[in-house]
Structures are given as structure tokens and as C-alpha cells.
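Results of the structural survey
Single-letter residue listing:
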Amino acid sequence: MMTAIPGEATVAVVGAGTMGAGIAQLAATAGHRVLLFDSRADAAAEAIAGIARRLESSVEKGRRSAAEVQAILSRLQAASSLADLAPAALVIEAVVEDLAVKRELFAALEKIVGERTILATNTSSLSITALAAGLSRPGRVVGMHFFNPAPVMPLVEIVSGLETETGVAETAFHTAQAWGKEPIHVRNTPGFVVNRVARPFYGEGFRLLAEGAADAATLDALYRDCGGFRMGPFELVDLIGLDVNLAVTRSVFAACHFDRRYTPSPLQEEMVAAGRLGRKTGRGFYDYGEGGERPEPASEPDGPVPAEITVEGHLGPAEPLLDLAREAGIAVRWQPHGPGLVHLGETVLLMTDGIAASEHAARQGRPVVTFDLCLDFTTAGRIAIAAADRCQPAHLAAAAGLFRALGKKVTRIADLPGMVVMRTLAMLANEAADLAHHGIAEPEAIDLAMRKGVNYPRGPLDWARKIGWLRILECLDHLARSYGEERYRCSLWLRQRLWQEAHRHG
Ligand code: NAD
């Protein structure tokens, strides 16, 4: 059984910027003596003063006692040279994101610290293997990828490069646990788990905007109200910075040998070129200047409430809508056989399966309205619908009237394959599945990472399993066919899940 770095051991943090200061605070709070070093004179002292201010305000808010804060601060010390870090059992570097700078730093540290000292890096995009290469003991280098703000965010990705010794990764893992975090083990790969799996959240969002699915405010509202995400992709990149987000996308794109799946959005590139970087420049997808307002998401007007609906087959994850209909006094006639659709007068309503409503309508010769996936159909406050070309206003009004009667706001988007939440989930699950397939991390760890690192309402694999692997797979296959793009190729891991289920039930 490997143990954590013992509480009395000294921890060194190199780089006293946003992340370094947060990590130093965390380690000192966990009881370690912490040495903080920055190449810019005064930076470490300034960072410690900043930590003191933050901790003192937590005393005012009653979250900590003054004695506790005093004890934490007494353990923090600014180091004036790298040589002062000699006593550290663990060094965590959080200097600029530059391979050459970090490699030079590790080479220098190797000559200063003890034989057993672990060298950890907080890099968010560089290869742990490349960072360790050239050192006399590359096996002691490990990624400890904290999230901002480090004292608050629970996830730490413990990243093993090709040479990382198992014991070193285990010690880093147990140390993160001892510091109150929820670490996961990750094998070195571009973007690690969180930044890799999250790519399609932005990628599909930008594509939907570029394809005219809806405006940014409406799409954000759908991600929140239907998908259960805390923020939509546009408000989130405005917060992160469009340039910072684009840099991550570009680095994953390049590191994956320009796999077209990760192609940066031309729309985002143009916004960055224009200097519309988000909140920090006062304008991104939204205007943060004086008088700048967040537009309201588009909503459909009310339509007539139907007296009855006829359901053919099972609606899968959308089944709870039928209970809501009954509660609303709408008669639900049910026929057990059928593909899972609702007849609403002459309108056919179905949950998106990755095929556009117009294509369904062309096949069936009837007006078709599709609706998007919701995280929870019972509680979702909004539902997105898309109408086939041949739908008349009355068909659309019938669909809107039904959903309004079920207590949902209704937003119509352009008729695009897979709509918003379904398409994004399919791609998130596909990315997660690929990482699982390549043994980058355990499926449960990937899900945990997405919930704890970026606050997704449910792990993508768990979510995909709940709504059915087949639905995800079909959605991807339909997207691949509609767009004729390799981008939507389905991970073998997802197909294997389906075969396994068929085997179990067969
Ligand atoms: P930052 O710019 O706030 O801080 C970097 C600090 O490192 C600066 O104070 C700088 O003076 C110092 N520095 C630069 N070169 C140095 C050297 N050779 N020796 C000692 N000090 C040096 O950056 P940050 O946002 O804290 O990011 C630091 C690292 O953490 C990067 O690798 C970044 O990718 C990673 N990271 C950042 C975030 C985030 O949200 N900011 C999240 C996770 C990981």
C-alpha cells in the first residue's frame, strides 16, 4: 500500500501565479510546510499576501478560526532561490505553459532535491513523457493537474507519462486524497481527460451556432435548461477567455496529428482575431460593456392543448413526458408496437435520433416535429423542437401547445441532425468512450472527472448508458451520414457495449 507524502513533509511550489498560489494554500492548509518560489522577485511574497487576504476574509465569514489561519500562514514561506527547495519531498511546478521552460526547471531541480523527491507538474496540455525526457530519473515525474481555483475544485488528474513509476503516481494520488481532493489516474494523452472529453462541448456548440441552429443566448439556455449543464458553451468560453479556450483546442488538435474531429471553429478563430475574447475584453459572444444586455432565449408562443395523444412504442428517456401529459389531463392512448413516436393530430412528434425532422418527414410523408433530449424530462423547464420543412404553422403550434401544457417553455431551433443536447452528449460520450478504449482512464474515473472538473450534471458514459448505448450510436451514425464527416465516427468501445448487452440479453 503506497502512502501519501507525510503531513510533516515539506512541499515546494514553483511559480506563484494563479495556480501556484492556490496549490500552495491547499498544501499549507493540509498541514505541510510550503516553500513557494517564483523567478520574478517579490512574486512569491505577493502571492502569500494574497493567500493571507483570502484566508482572513474566510475568518470574517466564519468559515475558519483566526488561529487556524495563523497556523496555515505560519507554514507558508517565500523561497528566494531554487536551491532553497532542497528539503522538499514533493515539488509541484506551476510556471508558464512552455515545454522548454518546464524541462529546464526540472533539470535544475533534479540537481537540488533529494533522490526520493517527487517532481510534479500542473501542466494542462504538455506531455508528461516529454517533460520528463532527458532527466536522469524520469520515473519521478508525474502530472498533478489541479483545476482553478485549486483550493476549491475537487478534481486532480494524476497523469502518468511513459516512464512514471507506479509508486510515484500512487503517492501523488494519495497525497491529493489527503488534501481533500478527488483524484483520478490518467495515462498521458493530449488534453488528459477533462480537456479532451470537453472538446465537443465547445466544438458542437460552435458548429450549431455557425449552422444557424439558434443564437448563442438561446443555445446556452438549451444547454442549461434541457441539458442540465451549469453553463452553456458560449457563456463558459466568455468566462474562460476565447483565446485560452482556442489555445487548448489547437493544442489537442496538433497533438492528435490534426485529427479533423478536433478542428478549431473558424467562428471562434475569427472572434479571437477580432479581439473579442470574452469578459476580459468586455465582449465575446455577449456584450459586457455598459448597457450590454444578455438577450432572452427565443421561445415559441402558446399553442392549443391537445385533448389526447397516441403513442406508438416506447419513448425511452422521454417516457416521463407521458406521465406529465396524464397529469395535465391529456388522454394518452398507447400502442405497444412502434418506433417510439407520438401522434398529435396529423403531426408526428419524436425525440431526435440524429436524423433531421425534414428527412423523417420525407420518409414518412407526414409532418414531423422532433424534440431534443433532456437530462430529466420531468423537471426540465424548457424543451427544444425542430420542424420539418413541410410543417405548417398549425403543426408547430400543436407541438408547442403540448409541451406548454406539460409545463415546458418551448424553443424552436433550425432543423439540424441531432439537435443540441443529444448531439453534444453523443459526442461527449464518444470522446469518453475513446479514452476508455485506449485505457487512458477507467470509465468511472472519466465520468467522475467530468462531474468534478467541469461540473457536468452526469458523467457522459453513465448518461449514455442510462439513455441506451444504441441511441448514442445511432445518433453518431446518422450524424456521420448527414455530414459525411469522419468527425462523427463512432468509438469501437461504444459498439462493444452494445454487443455485450445483446450477449447478456440473448
Ligand atoms: P500564471 O501566469 O498566473 O503564473 C505563472 C507564474 O510562473 C508567474 O508568476 C511567473 O513569474 C512564474 N514563472 C515563469 N517562469 C518561471 C520559472 N522558470 N521559474 C519560476 N517561476 C516562473 O499562470 P497559471 O495560470 O498559474 O498557470 C501555471 C501553470 O498551470 C501552467 O502550466 C498552466 O497551464 C497550468 N494550469 C493553469 C490553469 C488555469 O486555469 N490558470 C489550470 C490548470 C493548470
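Residues numbered from 1 in each chain as written. Predicted model: local features only at pLDDT ≥ 70, side-chain atom pairs only at ≥ 80, totals over all residues. Heavy atoms only, no water.

1. Here's the deal with the nonpolar core
Counting 129 residues, the largest nonpolar core has Val193, Phe285, Ile309, Phe371 and Ile472 as its most contacted members. For this core, the leading source of residues is helix 16 (residues 421–437), giving 11 residues. Counting 41 residues, the second-largest nonpolar core is a separate cluster that includes Ala28, Leu36, Ala47 and Leu73. (Core = buried A, V, L, I, M, F, W, Y, C linked by side-chain atoms within 4.5 Å. Buried < 20%, exposed > 50% of the residue type's maximum accessible area, 1.4 Å probe, protein only. Helix = DSSP H or I, 4+ residues; strand = E, 2+ residues; numbered from the N terminus.)

2. Topic: the sheet that holds strand 1 (residues 10–14)
Ordered by their spatial adjacency, 8 strands build an open sheet running 3-2-1-4-5-6-7-8, and the pairing between neighbours is mixed. If you trace the sheet from one side to the other, it starts and ends with strand 3 (76–78) and strand 8 (182–187), each paired once. In this sheet, adjacent strand axes meet at a mean angle of 25° when their direction is disregarded. (Pairing = 2+ DSSP bridges. Axes fitted to C-alpha atoms, helices over the stretch in contact; angles between N-to-C directions.)

3. Some remarks on helix 4 (residues 99–112)
Under the 1.5 Å per step criterion, the end-to-end length of helix 4 is 20 Å for 14 residues, consistent within 8% with the ideal 20 Å. Those residues of helix 4 lying buried are Lys102, Leu105, Phe106, Leu109 and Glu110. Take helix 4 and look down its axis: the buried residues cluster within an arc of 140°, on one side only. Every exposed residue of helix 4 that faces more than 90 degrees away from the buried side is listed here: Ala100, Glu104 and Lys111. Buried positions along helix 4 lie against strand 1, strand 4 (90–93), strand 5 (118–121), helix 5 (128–132) and strand 6 (141–146). One side-chain oxygen at the N-terminal end of helix 4 lies 2.9 Å from the backbone nitrogen of Ala100; it belongs to Asp98. (Expected span 1.5 Å × (residues − 1). Arc of directions from axis to C-beta. Contact = heavy atoms within 4.5 Å. Polar contact = N/O pair within 3.5 Å; in protein donor to acceptor, adjacent residues only side chain to side chain.)

4. Comments concerning the packing of helix 16 against helix 19 (residues 469–483)
Running from amino to carboxyl end, helix 16 crosses helix 19 at an angle of 105°, the nearest separation of the two axes being 9 Å. Between helix 16 and helix 19, the angle falls in the class roughly perpendicular. Along the contact surface, helix 16 presents Met422, Arg423, Leu425, Ala426, Met427, Ala429 and Asn430, while helix 19 presents Arg471, Ile472, Cys475, Leu476, Leu479 and Tyr483. (Parallel < 35°, antiparallel > 145°, perpendicular 65-115°, else oblique.)

5. Digging into the site of the ligand
Taken together, 19 residues form the shell around the ligand, and within it Met19, Asp38, Glu97, Lys102 and Ser124 come nearest. Separating an oxygen atom of the ligand from a side-chain N or O atom of Asp38 is a distance of 2.6 Å. If the ligand stood free it would expose 840 Å²; the protein chains cover 73% of that surface. Most atoms of the ligand, that is more than half of them, are within 2 Å of grid points of the largest pocket. Residue assignment for the shell around the ligand shows that the elements contributing at least two residues are helix 1 (18–29), helix 4 and strand 6. Broken down by class, the residue content of the shell around the ligand amounts to 7 nonpolar, 9 polar and 3 charged. (Near = heavy atom within 4 Å. Areas by Shrake-Rupley, 256 points an atom, 1.4 Å probe, with all protein chains shown as cover. 1 Å grid on protein atoms, 1.4 Å probe; cavity = no way out; pocket = protein on both sides within 12 Å on 5 of 7 lines; lining within 4 Å. Sits in = over half its atoms within 2 Å of the grid points. Nonpolar A, V, L, I, M, F, W, Y, C, P; charged D, E, K, R; others polar.)

6. Focus on the pattern of salt bridges
Pairing of side chains with opposite charge becomes possible as their charged atoms draw close. The final tally for this structure, using the stated rule, is 28 salt bridges. For the salt bridge of Glu359 with Arg481, the shortest nitrogen-to-oxygen distance reads 3.1 Å. You can see Glu359 sitting in helix 14 (residues 357–364) and its partner Arg481 sitting in helix 19, a full 122 residues away along the chain. In this structure, Arg489 and Glu486 form a salt bridge, with 3.4 Å as the shortest nitrogen-oxygen distance. One network of salt bridges, in which partners are shared, links Arg196, Arg261, Glu431 and Asp434. (Salt bridge = Lys/Arg side-chain N within 4 Å of Asp/Glu carboxyl O.)

7. Brief notes about the pairing of strand 12 (residues 347–351)
Along strand 12, 5 of the 5 residues are buried, which leaves the element largely enclosed by surrounding structure. Neither face of strand 12 is left uncovered, since the one carrying Thr347, Leu349 and Met351 and the one carrying Val348 and Leu350 both have all their residues buried. Inspection of the sheet shows strand 11 (residues 341–344) paired to strand 12 by 3 bridges, in the antiparallel sense. Within strand 12, the position partnered with His343 by the bridge is Val348. Count of turn residues in the strand 11/strand 12 antiparallel hairpin: 2 residues, of which Gly345 carries a positive phi of about 60°. Pairing geometry for strand 12 and strand 13 (residues 368–371), over 4 bridges, is parallel. The residue bridging Val348 from the neighbouring strand is Val368, located in strand 13.

8. Considerations on the layout of surface pockets
Unoccupied space between atoms shows up once a probe the size of one water molecule is rolled over them. Roughly 1,500 Å³ of volume is contained in the largest pocket. The wall of the largest pocket is formed by 45 residues, among which Met19, Ser124, Asn148, Ile240 and Val244 lie closest to the centre. Every element with two or more residues in the lining of the largest pocket is listed here: helix 1, helix 4, strand 6, helix 8 (199–210), helix 10 (233–240), helix 11 (242–255) and helix 17 (443–454). With 5 residues, the top contributor of residues to the lining of the largest pocket is helix 11. In terms of residue class, the lining of the largest pocket is built from 25 nonpolar, 15 polar and 5 charged. Within this model, the second largest pocket holds a volume of roughly 390 Å³. Lining the second largest pocket are 19 residues; nearest its centre among them are Gln25, Leu55, Arg64, Pro151 and Val152. Every element with two or more residues in the lining of the second largest pocket is listed here: helix 1 and helix 2 (43–60). Here the element with the most residues in the lining of the second largest pocket is helix 1; it accounts for 6 residues. (Points joined across faces, edges and corners; volume = space filled by probe spheres on them.)

These values are about where atoms sit, not about what they do.
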